[in-house]
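# Chains, contacts and geometry: an overview
Chain by chain, the residues:
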Amino acid sequence: MLDLFADTPPWQEPLAPGAYILRRRALAEAQGLIAAITDVSAQSPFRQMVTPGGYTMSVAMTNCGNVGWTTNQRGYLYASIDPQTGNLWPAMPAVFLSLAQACAQETGYENFRPDACLINRYAPGAKLSLHQDKDEQALQAPIVSVSLGLPAVFQFGGLKRNDPLQRVLLEHGDVVVWGGESRLFYHGIQPLKEGHHPATGACRYNLTFRHT
Ligand SMILES: O=C(O)CCC(=O)C(=O)O
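Here's what I pulled together on the structure shown here. (Residues numbered from 1 in each chain as written. Predicted model: local features only at pLDDT ≥ 70, side-chain atom pairs only at ≥ 80, totals over all residues. Heavy atoms only, no water.)

Turning next to the state of the cysteines. Counting across every chain of the model gives 0 disulfides. Cys64 carries a free sulfur, and the closest cysteine sulfur to it, the one in Cys117, is 4.3 Å from it. By relative accessible area, Cys64 is classed as buried at 0%. Here Cys203 is not disulfide-linked; the sulfur of Cys117 is the nearest cysteine sulfur, at 15 Å. Among the residues examined, Cys203 registers a relative accessible area of 10% and is labelled buried. (Disulfide = S-S within 2.5 Å. Buried < 20%, exposed > 50% of the residue type's maximum accessible area, 1.4 Å probe, protein only.)

The subject of this paragraph is the site of the ligand. Taken together, the neighbourhood of the ligand is formed by 13 residues, with Tyr122, His131, His187, Arg204 and Arg210 sitting nearest. Within the side chain of Asn206, one N or O atom sits 3.2 Å away from an oxygen atom of the ligand. Within the side chain of Arg210, an N or O atom sits 2.9 Å from an oxygen atom of the ligand. Relative to its unbound accessible surface of 290 Å², the ligand loses 98% to contact with the protein. Contributions of two or more residues to the shell around the ligand are made by strand E6 (116–122), strand E7 (128–131), strand E12 (187–189) and strand E13 (204–210). In terms of residue count, the dominant contributor to the shell around the ligand is E13 (4 residues). Of the residues contributing to the shell around the ligand, the split by class is 4 nonpolar, 6 polar and 3 charged. (Near = heavy atom within 4 Å. Polar contact = N/O pair within 3.5 Å; in protein donor to acceptor, adjacent residues only side chain to side chain. Areas by Shrake-Rupley, 256 points an atom, 1.4 Å probe, with all protein chains shown as cover. Helix = DSSP H or I, 4+ residues; strand = E, 2+ residues; numbered from the N terminus. Nonpolar A, V, L, I, M, F, W, Y, C, P; charged D, E, K, R; others polar.)

A sheet is described by the order of its strands in space; here 7 strands give the open sequence E1-E2-E11-E8-E13-E6-E3, paired in antiparallel fashion. Looking at which strands have only one partner, the edges of the open sheet turn out to be strand E1 (11–16) and strand E3 (60–65). The sheet shows a mean angle of 20° between the axes of neighbouring strands, taken without regard to direction. Where E1 meets strand E2 (residues 19–23), 5 bridges bridge the pair, whose relative direction is antiparallel. Along E2, the bridge assignment pairs Ala16 with Ala19. Across the face of the sheet, helix H1 (residues 30–43) comes into contact with E3, E6, strand E8 (143–149) and E13 while running at roughly 95° to E8. This element, helix H2 (residues 94–106), spans E1, E2, E3, E6, E8, strand E11 (175–178) and E13 of the sheet and lies at about 120° to E8. (Pairing = 2+ DSSP bridges. Axes fitted to C-alpha atoms, helices over the stretch in contact; angles between N-to-C directions. Contact = heavy atoms within 4.5 Å.)

Here we come to the packing of H1 against H2. Look at H1 against H2: their axes get within 9 Å of each other, and the N-to-C directions meet at 130°. Taken as axis vectors, H1 and H2 run oblique relative to one another. Relative to H2, the crossing made by H1 is left-handed. Contacts from Gly32, Leu33, Ala36 and Ile37 of H1 reach H2 at Val95, Phe96 and Leu99. (Parallel < 35°, antiparallel > 145°, perpendicular 65-115°, else oblique. Left-handed = near helix turned anticlockwise from the far one by under 90°.)

A word on the side chain of Thr70. Mapped onto the elements of the fold, Thr70 is located in strand E4 (residues 68–72). Setting aside chain neighbours within four positions, we find Thr70 in contact with Met49, Gly75, Tyr76, Leu77, Ala79 and Pro83.

For Glu106, the position within the fold is in helix H2. By relative accessible area, Glu106 is classed as partly exposed at 38%. Sequence separation of Glu106 and Arg183 is 77 residues, and the distance between their C-alpha atoms is 17 Å. In contact with Glu106, other than residues within four places in its own chain, are Gln12, Leu22 and Arg25.

Across its 14 residues, H1 extends 20 Å between first and last C-alpha, which sits within 8% of the 20 Å expected from 1.5 Å per residue. When we look at burial in H1, the residues that qualify are Ala30, Leu33, Ile34, Ala36, Ile37, Val40 and Ser41. Along the axis of H1, the buried positions cluster into a sector of 160°, meaning they face one direction only. Exposed and facing more than 90 degrees away from the buried side of H1 are Gln31, Thr38, Asp39 and Ala42. Those residues of H1 hidden inside the fold are in contact with E3, H2, E6, E8 and E13. (Expected span 1.5 Å × (residues − 1). Arc of directions from axis to C-beta.)

Moving on to the nonpolar core. Of all hydrophobic cores here, the largest spans 31 residues; its most connected members are Phe96, Ile119, Val144, Val146, Leu148, Leu207 and Phe209. When residues of this core are traced back to their parent elements, those giving at least two are H1, E3, H2, E6, E8, E11 and E13. Among the elements that line this core, the one with the most residues is H1, at 6 residues. Setting aside its immediate chain neighbours within four residues, Ile119 contacts Ile37, Val40, Phe46, Ala60, Met61, Thr62, Cys64, Phe96, Asn206 and Leu207. Counting 28 residues, the second largest nonpolar core, distinct from the first, contains Met49, Val59, Phe185 and Leu192. (Core = buried A, V, L, I, M, F, W, Y, C linked by side-chain atoms within 4.5 Å.)

Shown next, in the form of structure tokens:
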């Protein structure tokens, strides 16, 4: 029998072993999430970080939580102080934490306790090259990644950089959770296309929750 409600948001799509897309899962919270991004970035502004190799990233980033992901000349690290302001990173807003924990739980990852949220802001043309999230010690915890605003093509591969890639369009409110077998899978974002989204204007935000 035809299931008329199969595509009623939110719905889950398997991506890889241990990895899921929760389509439109963050739609109901989107306005609150965007307001919280504005609050966080008023305290710790978005900045384009420079990699240890001297390359200025096209994505602008900030953080909230007990620790934040950052770069210096020696490498990538989690630090409790924002090197740009000299202050602690802003606290993780309650609306961030409850969404991340709920999404982890709904995909079988119980007791997710993220202590870091990296906030990525993509302008048209910005991209994130293929990489693994491997600066965390707690590899048993999943990654929860929330998309807001303009759509972007997410690449999801395997444990080796040259493994075949899946390419999926992530839209406003989509959440990707990956852990277990796919926790260290390579992933990235293709250059953002020009556009205008009613919730964010000419950009895309991504929230990446991690237990470090
Ligand atoms: O923007 C995204 O959807 C992915 C972000 C990401 O891969 C990261 O922050 O490590």
